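Below, each chain spelled out in residue letters.
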Amino acid sequence: MTTAVDLRAPLARYASLLHATAGPTHHVASPLGAWLLAALCAPAAPGGSAELETALGVDLASASSIARALLDDPHPAVLAAAALWLDRQPSAAVDSWLAALPSSVETGPLPSQPVANAWADEHTLGLIKEMPLKIRPDTVLLLATALATKVSWVRPFTLAPSSRLGGPLADGVDQVLEMPDHGHDAFIARVPSIGDVAVHTGYAVEGLRVTSVIAPPSTPASSVLAAAYDLAVASATRGPIDRRSLYDLPVGDGPLWTIREEATRTTAPGGREEVYKAVLPAWSASSEHDLNRPELGLPAAAGAAMSTLGVEGWHEAAQVAMARYTRVGFEAAAVSAMMVGVSAPIPQDGFRRTAELRFGHPYAVVAVADRPWRDCWQPDTAEGAAWMGLPVFSAWVAQADEVTS
């Protein structure tokens, strides 16, 4: 099954809004997970919602169709799930909403907190243990989406001393990751709004490609993330990329690379051979995101849900996400949730852990669904077709991990 509307451009815009809150701090998110959360409320707004439509970037009918295609025909490398739980008697309006949801969406009575947490754990391969929201006595609706992946590189990285990396991300670690000769890609590209950037893509056996993009240190995080989305999608879909020739760049050290020239025997056209290498830090991140901002569409989605349920009250929306980039593979998960209740929320004391680690030279990472590596030279298959070329996770990397075996 394929979708009539291409989600990639609207999702890139949605991602810029979600990542903007975290800014240049170390974080990870799944804009797709939050987008799906809002899209599942589209059938609850039969009269239309301009605010929800604007946030989603597509009309409500298309949003429902895209959500159905993604959830009912998941990508082999991405575990995708959704659930809608209610503490309300059925009604014609509620029945109509439930009937319009993707068939894979789990529905039922409102669960206890332990049961909801177990759902998050089960549908994120054990990477996320709890829901991002706490169920209250006056909660009448809990809607959740979960996305998760655990993949292995076609070729694992080799190890190199951290001195090869340079810059603040080398501080505090002894070893970093060095790109192997096969199963990875690296190049320099020209981005109109930024200039020259360095790009590395690691390919996973299961059909996910993870692209890292680094720009000059003074470039705003939002610009690098936007460029990373464009380059990751273009790479996955064979779109246009302005790749730079090493012979158009100066020899020597620069802020993003070192170019050397030496005499060799080569069969390259014109006798000009180009070889790319890359070193990156291992990294991990865990983040929480407030999804209650109007531009993300969840307040409008909650309003549509309240109208369908026939209640007035409060709502909350949040996402918890994690990712880990290692020598042997990549894993990431996100649970996005929205709650609706029948009374005003009661403020309560609590805790929040947020990574506020700032470095002078961060970079962006985008994971895009692709065909499994074994099928990369074969014609497109129907399995998970709606996912192909679609960004699933993205990150702003500003903290390195020590590499372990």
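Anything mentioned here points back to the structure above.
Residues numbered from 1 in each chain as written. Predicted model: local features only at pLDDT ≥ 70, side-chain atom pairs only at ≥ 80, totals over all residues. Heavy atoms only, no water.

Colleague: Teacher, can you tell me more about the sheet that holds strand β2 (residues 79-86) here?
Modeller: The pairing of strands in a sheet comes from backbone hydrogen bonds and takes either a parallel or an antiparallel form. A sheet is described by the order of its strands in space; here six strands give the open sequence β3-β2-β4-β15-β14-β13, paired in mixed fashion. This sheet does not close on itself; its edge strands, each paired only once, are β3 (106-109) and β13 (283-290). On average, each strand axis in the sheet is tilted by 10 degrees relative to the strand beside it, whichever way the strands run. Across eight bridges, the pairing between β2 and strand β4 (residues 139-152) is antiparallel. Residue Trp85 lies in a different strand from β4, and its bridge partner there is Leu142. Strand contacts of helix α6 (residues 113-122): β2, β3, β4 and β15 (329-341), with the helix running at about 165 degrees to β2, the strand carrying the most contacts. (Pairing = 2+ DSSP bridges. Helix = DSSP H or I, 4+ residues; strand = E, 2+ residues; numbered from the N terminus. Axes fitted to C-alpha atoms, helices over the stretch in contact; angles between N-to-C directions. Contact = heavy atoms within 4.5 Å.)

Colleague: Got a minute to help me understand the side chain of Glu316 in this structure?
Modeller: Looking at the secondary structure, you find Glu316 in strand β14 (residues 314-325). Among the polar contacts listed, one links the side chain of Glu316 to the side chain of Arg136, at a separation of 2.4 Å. The residues contacting Glu316, other than those within four sequence positions of it, are Leu133, Arg136, Asn292, Ala337, Met338 and Met339. (Polar contact = N/O pair within 3.5 Å; in protein donor to acceptor, adjacent residues only side chain to side chain.)

Colleague: Before we go on, may I ask you to explain the environment of Arg190 in this structure?
Modeller: Looking at where Arg190 falls in the secondary structure, it is placed in strand β7 (residues 184-191). For Arg190, a relative accessible area of 36% corresponds to the partly exposed category. Once the C-alpha coordinates of Arg190 and Ile241 are considered, the two residues, 51 residues apart in sequence, prove to be 8.0 Å apart. Once residues lying within four places of it in the same chain are set aside, the contact partners of Arg190 are Gly195, Asp196, Asp242 and Arg244. A distance of 3.3 Å separates polar atoms of two side chains, one belonging to Arg190 and the other to Asp196. (Buried < 20%, exposed > 50% of the residue type's maximum accessible area, 1.4 Å probe, protein only.)

Colleague: Where do I start with the pattern of salt bridges in this structure?
Modeller: Opposite charge on two side chains permits pairing when their charged atoms draw close. According to the stated counting rule, one finds 11 salt bridges in the structure shown. Across the salt bridge formed by Glu331 and Arg324, the nearest N and O atoms sit 2.0 Å from each other. Linked by salt bridges that have partners in common, Arg190, Asp196 and Arg244 make up one network. (Salt bridge = Lys/Arg side-chain N within 4 Å of Asp/Glu carboxyl O.)

Colleague: So what exactly am I meant to see when it comes to the packing of aromatic side chains here?
Modeller: Each aromatic ring pair is summarised here by two numbers: the centre-to-centre distance and the angle between the ring planes. The tally for this structure, following the rule as stated, stands at seven aromatic pairs. Ring plane angle 70 degrees and centroid distance 6.4 Å describe the contact between Tyr325 and Phe330, whose orientation is recorded as edge-to-face. By the ring-pair criterion, three or more aromatic residues cluster together here, those being Trp153, Phe157, Trp283, Tyr325 and Phe330. The ring of Trp314 carries Arg136 above its face, with NZ or CZ at 4.7 Å from the centroid. In this arrangement the basic side chain of Arg243 is found over the ring face of Phe187, its NZ or CZ atom lying 3.8 Å from the centre. (Phe/Tyr/Trp six-rings, centres within 6.5 Å; stacked < 30°, edge-to-face > 60°. Lys NZ or Arg CZ within 6 Å of the ring centre and 35° of its normal.)

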